[in-house]
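Coordinates in review
Now for the letters of each chain:
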Amino acid sequence: KQWYQRRVRDSVAVTENLVASTQTISGTGALRIGGEFIKKFHSSETIYLPTPSWGNHTPIFRDSGLEVKSYTYYKKDTKGLDFQGMLSDISQIEEGATILLHACAHNPTGVDPSPEQWNEISQVVKSRNLLVLIDMAYQGFASGNLEKDAYAVRKFTEDGHRILLAQSFAKNMGVYGERCGAFSIVGESESEAAALESQIKIVVRPMYSSPALHAARLVGTVLNDPALYAQWLVDVKGMADRIISMREALKSGLEKEGSEHNWDHLVNQIGMFCFTGMTPEQVARLTEEFSVYLTKDGRISVAGVSSRNVEYLAHAMHTVTK
């Protein structure tokens, strides 16, 4: 316990027992619990998602009984963040509504705000008195540094937001098939956190009663053993670094093919996924002519790119985009 307290450093929310948490069926389960909790207890039944967002976000919250709306996030022209558009939209959201934010490695675009931009976003969100739900499915997969990838979560907590947090350990712990996650709420006080935890249990009980133990025990063992935790940090960074190196290799391969397009966004984006900017027609050609499969919006899973296939992928992408 003492080691754990040192690791969370100056997190007042943790050291003062302000966090109510429950184990969930991975990140998807955590989001659904969040949706049900908002529907049952929050004053507003409207949630705002970034455009675009993970495809499953809309059905999760819609099936929870919430009205799903959107705010500006991605700018196609630059293949980056439309920061001013994002702030403008958020500043016009009705007070009391819920806003969903991706903590890091935004899915599907791979575009994340900088720490300075997160600071501004936090203030605008606070000025509108919005309830914040943060989806953190890829901690460690963005930069390879858990601390850096948790910046938004910690910043919003420090700024006084009583956040809802949906976490997944499926990817960063390698337990995808075991479905391990957590749903947490930061309360105003220790007594409120206890009351929140009681209500979370009431939401969970009729849905799936309790999740399986296997992956949770694996995750708990790694997080609470100093030696295993240190080894895990090295492993996570190794995964993130490999993804980053494949982004660089793909960009280099396209340049070697003679592509005249600007592919800087391949390395500027971050995490498992990349919005290539390819059109549905170009994606269709990739599949039909080169047996390369990706979503129609041009999103590729960079984790599926390897030193063995990156040159082939670069050649295929150049052929359909030239």
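Let us look at the structure shown here. Keep in mind that what you see is a predicted model, and the values were worked out from it rather than measured. (Residues numbered from 1 in each chain as written. Predicted model: local features only at pLDDT ≥ 70, side-chain atom pairs only at ≥ 80, totals over all residues. Heavy atoms only, no water.)

Let's shift gears to helix α13 (residues 280-290). Buried within α13 we find Gln282, Val283, Leu286 and Phe290. The arc that holds the buried residues of α13, viewed along the axis, is 105°, so those residues lie on one side. Away from its buried face, by an angle of more than 90 degrees, α13 presents the exposed residues Glu281 and Glu288. Directly beyond the C-terminal end of α13, a positive phi value near 55° is found at Ser291. (Buried < 20%, exposed > 50% of the residue type's maximum accessible area, 1.4 Å probe, protein only. Helix = DSSP H or I, 4+ residues; strand = E, 2+ residues; numbered from the N terminus. Arc of directions from axis to C-beta.)

This part covers the pairing of strand β9 (residues 180-186). Counting buried residues in β9 gives seven out of seven residues, a clear majority hidden from the surface. With burial as the criterion, each face of β9 is covered, one bearing Cys180, Ala182, Ser184 and Val186 and the other bearing Gly181, Phe183 and Ile185. The sheet contact formed by strand β1 (residues 19-25) and β9 spans seven bridges and is antiparallel. Bridge assignment links Thr22 to a residue of β9, and that residue is Phe183. (Pairing = 2+ DSSP bridges.)

Looking now at the nonpolar core. Membership of the largest hydrophobic core comes to 32 residues, with the highest contact counts inside it found for Ile90, Ile99 and Ile121. Counting only elements with at least two residues in this core, the list comes to α5 (83-90), β6 (98-102), α6 (115-127), β7 (131-136) and α8 (151-158). Ile90 has contacts with Tyr71, Ile99, Ile121, Val124, Val125, Arg128 and Leu130, leaving out every residue within four places of it along the chain. Within the second largest apolar cluster, 30 residues are counted, among which are Ala142, Leu250, Leu286 and Leu294. (Core = buried A, V, L, I, M, F, W, Y, C linked by side-chain atoms within 4.5 Å. Contact = heavy atoms within 4.5 Å.)

Interpretation in functional terms is not warranted from these geometric data alone.
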